[in-house]
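In case you want the letters, here they are:
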Amino acid sequence: MGRIRILPDQVANKIAAGEVVERPASVVKELLENSLDAGSTEVRVEVEAGGRRLIRVVDDGCGMLRDDALLAFERHATSKLRDVGDLLSISTLGFRGEALPSIASVSRLLLETRSLEEPTGTRIEIAGGKMLRCEEAALAGGTVITVRDLFYNVPARRKFLRTEPTELAHIASLVTHYSLAHPDKSFRLSTGPTELLSVTPVASMKERVYQVFGSQILDELVEIGVRERDLFLPPPSVPPSQAIAEYRSAEPEDPPFRRFRLTGFFSRPQIQKSNRNSIYIFVNGRLIRDRLVLHALSSAYHNLMPSSAYPFALLFLECDAEEVDVNVHPSKTEVRFRHGSFLHDFIRDSIRERLMEARPAPTFSPVAMAAPPAQAAQLPYSEFSQMIENEQPAGSGLVEASMDAVPPPPPHFGEPSMPEFTLRASAPPTPRLDFSAPPIEVMPGPPPSGKLSRRLDMHGEFPADAIPATEMSLTGLSELRPLGQIHESFIIAAGRDGLWIIDQHVAHERILFEQVLKQRAAGRVETQRLLMPMILQLSAEQQIDYARIADELHASGFETEPFGNRTIAVKAAPAAVGPQDLERIIFEILEIAENEMRTNSLDDLRRNICASIACRAAIKINMRLDLAKMEWLLRALAATDCPMSCPHGRPIAMHYSTREILKAFHRI
Ligand code: ADP
Ligand code: MG
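Residues numbered from 1 in each chain as written. Chains lettered and ligands numbered in written order. Predicted model: local features only at pLDDT ≥ 70, side-chain atom pairs only at ≥ 80, totals over all residues. Heavy atoms only, no water.

How would you explain the site of ligand 1 if you had to name every residue and give the values?
Around ligand 1 there are 20 residues in total, and Asn-34, Thr-78, Ser-79, Lys-80 and Gly-97 lie nearest to it. Take Thr-78: an N or O atom from its side chain is 2.5 Å from an oxygen atom of ligand 1. Here an oxygen atom of ligand 1 and a backbone polar atom of Ala-99 are 3.3 Å apart. Coverage of ligand 1 by the protein chains reaches 95% of its 540 Å² of free accessible surface. For the shell around ligand 1, the secondary structure elements donating two or more residues are strand E4 (77–78) and helix H4 (99–105). The element that contributes the greatest number of residues to the shell around ligand 1 is H4, accounting for three residues. Of the residues that constitute the shell around ligand 1, the class distribution is nine nonpolar, seven polar and four charged. (Near = heavy atom within 4 Å. Polar contact = N/O pair within 3.5 Å; in protein donor to acceptor, adjacent residues only side chain to side chain. Areas by Shrake-Rupley, 256 points an atom, 1.4 Å probe, with all protein chains shown as cover. Helix = DSSP H or I, 4+ residues; strand = E, 2+ residues; numbered from the N terminus. Nonpolar A, V, L, I, M, F, W, Y, C, P; charged D, E, K, R; others polar.)

I'd love a proper account of unusual backbone geometry, names of residues and values included.
Glycine aside, residues mostly have negative phi, and peptide bonds are mostly found in the trans state. One non-glycine residue, Arg-566, adopts positive backbone phi at about 50°. One can find Arg-566 in the loop between strand E23 (559–562) and strand E24 (567–574). Positive phi outside glycine occurs at Asn-622, with the angle close to 60°. Within the secondary structure, Asn-622 is located in the loop between helix H17 (602–617) and helix H18 (627–638).

Please provide a residue-by-residue account of helix H7 (residues 205–213), values included.
Judged by how many residues are buried, H7 sits mostly within the fold: seven of nine residues are covered. Met-205, Arg-208, Val-209, Tyr-210, Gln-211, Val-212 and Phe-213 are the residues of H7 that are buried. Immediately beyond the C-terminal end of H7, within one or two residues, lies Gly-214, with a positive phi of roughly 90°. (Buried < 20%, exposed > 50% of the residue type's maximum accessible area, 1.4 Å probe, protein only.)

Can you break down the packing of helix H10 (residues 291–300) against helix H11 (residues 340–358) residue by residue, with the values?
Taken N-terminus to C-terminus, the directions of H10 and H11 make an angle of 35°; their axes are 8 Å apart at the nearest point. For the element pair H10 and H11, the recorded crossing hand is right-handed. Contacts between H10 and H11 involve Leu-292, Val-293, His-295, Ala-296, Leu-297, Ser-299 and Ala-300 from the former and Gly-340, Leu-343, His-344, Ile-347, Arg-348, Ile-351, Arg-352 and Leu-355 from the latter. Partitioned by chemical class, the residues of the contact of H10 with H11 number nine nonpolar, four polar and two charged. (Axes fitted to C-alpha atoms, helices over the stretch in contact; angles between N-to-C directions. Left-handed = near helix turned anticlockwise from the far one by under 90°. Contact = heavy atoms within 4.5 Å.)

Talk me through the confidence of the model for the chain; I want residue IDs and the actual numbers.
Confidence in the prediction of the chain, expressed as mean pLDDT, is 79, and 78% of residues score 70 or more. A low-confidence stretch, residues 366–381 (pLDDT under 50), is modelled with 41 contacts involving residues beyond four sequence positions or located in other chains. A low-confidence stretch, residues 392–471 stays under pLDDT 50, and its non-local contacts, those more than four residues away or across chains, total 175 contacts. (pLDDT = per-residue confidence, 0-100.)

Tell me about the packing of aromatic side chains, residues and numbers included.
A full pass over the atoms with the stated rule returns six aromatic pairs. Ring geometry for Phe-260 versus Phe-342: centroids 5.3 Å apart, planes at 50°, classification tilted. Of the two residues, Phe-260 sits in strand E13 (residues 257–267) while Phe-342 sits in helix H11, which places them 82 residues apart along the sequence. Like Phe-260, the residue Phe-342 is buried in the burial classification. (Phe/Tyr/Trp six-rings, centres within 6.5 Å; stacked < 30°, edge-to-face > 60°.)

I'd like to hear about the sheet that holds strand E22 (residues 527–537), residue by residue, with values.
Taken together, three strands build an open sheet; the order of strands is E22-E24-E23 and the sheet is antiparallel. Looking at which strands have only one partner, the edges of the open sheet turn out to be E22 and E23. On average, adjacent strands in this sheet sit at an angle of 15° to one another, irrespective of strand direction. Pairing of E22 with E24 involves seven bridges; the strand directions are antiparallel. Residue Arg-529 lies in a different strand from E24, and its bridge partner there is Ala-572. Here helix H15 (residues 540–555) sits on the sheet in contact with E22, E23 and E24, set at roughly 145° to E23. (Pairing = 2+ DSSP bridges.)

Please set out the side chain of Asp-290 residue by residue, giving values where relevant.
Mapped onto the elements, Asp-290 comes out in the loop between strand E15 (286–288) and H10. Of the buried charged residues, Asp-290 lacks a salt bridge, with Arg-291 as the closest side chain of opposite charge at 7.9 Å. For Asp-290, the side chain forms a polar contact with the main-chain nitrogen of Leu-292, separated by 3.2 Å. (Lys, Arg positive; Asp, Glu negative; His and termini not counted. Salt bridge = Lys/Arg side-chain N within 4 Å of Asp/Glu carboxyl O.)

Go over the packing of helix H14 (residues 504–522) against H17 with me, naming the residues and quoting the values.
Close contact between H14 and H17 brings their axes to 8 Å; oriented N to C, the two are set at 135°. Between H14 and H17, the angle falls in the class oblique. Where H14 crosses over H17, the two elements pack in a sense that is right-handed. Taken together, the residues of H17 that come into contact with H14 (itself represented by His-505, His-508, Glu-509, Leu-512, Phe-513, Val-516, Leu-517 and Arg-520) are Arg-606, Arg-607, Cys-610, Ala-611, Ile-613, Ala-614, Cys-615 and Ala-617. Of the residues belonging to the contact of H14 with H17, the class tally is ten nonpolar, two polar and four charged. (Parallel < 35°, antiparallel > 145°, perpendicular 65-115°, else oblique.)

Tell me about the sheet that holds strand E9 (residues 186–191), residues and numbers included.
Strand order across the open sheet formed by eight strands is E7-E6-E5-E8-E3-E2-E9-E10, with mixed pairing between neighbours. In this open sheet, the two strands that pair with only one neighbour each are strand E7 (130–137) and strand E10 (194–199). Between one strand axis and the next, the sheet turns by 10° as a mean value, whatever way the strands run. Bridge analysis of strand E5 (residues 108–114) against strand E6 (residues 121–127) gives six bridges, and the strand direction is antiparallel. Pairing of Leu-110 across the sheet is with Glu-125, part of E6. Lying over the sheet, helix H2 (residues 24–37) contacts strand E2 (42–48), strand E3 (54–59), strand E8 (142–148) and E9, oriented at roughly 10° with respect to E3.

Right, dumping it as structure tokens:
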């Protein structure tokens, strides 16, 4: 009795229908997902000409019975779903029974498969949806699907394919990321004679990240560890308090909780990407694009990274299958969560808490992920992502699927004026002083640049010392001893683990920001009355913004009142703000209010007002500080929750570790 069945109409009609074959990478995705669903431990992907000429996926999974092999090419034929009820808890990657027939209708496809339950296997050949051959064949267990000449019979589609390297980059990115989600399996990807990725099974995700990206990128990431949060779901008839008590005393086998688990990696705030393409989200092993999770991630970085920048992240979320509806998008890359806001807050809090614990410090080592393209090209992974990033949004691509749905971030504002010097991990060099280049090459660079054809597994076995003994962390800040300033702008300090350079303006900005935010939350911002009220003339638009945020302004320590037509009087201001900055700061806040109107979040508005106050009130660069002041600044910075970056996302402290110093002097 075969495993595959044709779905009854009433089930088939409930399935999100649509085109699954958009480009070679979507074929690879469907075939790879089938191999994983078949329980394979080894998956090999071979492509030629960016997947246009050939895509072959070889697996060692359960294979198909003879009858199933034929049925698999019928529409809505699947072994993974039976009835409508199953749609509510899908635990396999596939479920629609549409991929194989869709692929077979636009290519020349050869299926070779054998289930170990039968003595021989089956070979089926189909071209443009027409069955050409079906025969018994002596085959090993598992499945090989070969797809040749994709879109050979649909010239219009073929014309829209991008260049071979770009299509190959999409395939490489896809296989790479599925390999990250399944560290216990082996994955290989080759193009012609060249192997691009080859990873053997490993015990942890960290080891897989190392295999795929190498130690340099691993150093730039923070591991989330395992974060869990339970959602309590008592039966509707029982009041929650009683249900919790009952649960505690009885410990029933099936507790009324849904557990959400988050693992994975995210980058230090200084790794700033210009788009969301370096964010990979997996839900129960499925690679997805989701607005809610993206929003939770950027909220975690709020005031740690400019709002126009994005981190690198690999997030793996696990939850009950009933918590996610995967049946909302034809290519299954979008999902709907049943308890979205619970999940959103769980992800945001987990990442933020971990960021605050880890306090990752920027280092002087060449930062591969934040480097300009020329440098980034040294790493094959960066080549892949760079090619994808450079591509114009096609609206149909797999990787950028659904990204247009996310509204553009509000423009950046409130940047402190830094007339003389800029120190920024990823900023272009300033004409006067260029700190963006590392003073000394301290990390062994990757081998000379190759093209896409280079293997990703050049890192070999996972050596115990691949991970630095001490995580580059800002936890040691409180023990730093200031030595002096450079350019009266940057504090040089010695610590137990090397040398530090701290930007005095942004350090103070971070201190004030958290202070003002706490005062604001406690409802008592320290204010100072002006001797004479300051009268400000507003434009019609500003007048509207003012009326909308007057209460928030008041709560933030600005006492203002309307004073005739389009004029306001400012009577008091937060104590930290000097009178000379007052006018500028009020106009800046009105501008923030205008921007926030689009995102409509009161919390963001509040944080941005605090950031603005902090920025204006903070000590500037080009200001001499005595040692006692520097010491105070370092202690106060150490006591903040997030000493990594200023509220606008600039790095605060750069670290040159003892290990790097020793290496540079050839002492180790
Ligand atoms: P779906 O994955 O949604 O079920 P597909 O068209 O992708 O639909 O595949 C149809 C069926 O073919 C699957 O349900 C599965 O039973 C079988 N199948 C496809 N690929 C493989 C494979 N690599 N190994 C074993 N069975 C497979
Ligand atoms: Mg499938």
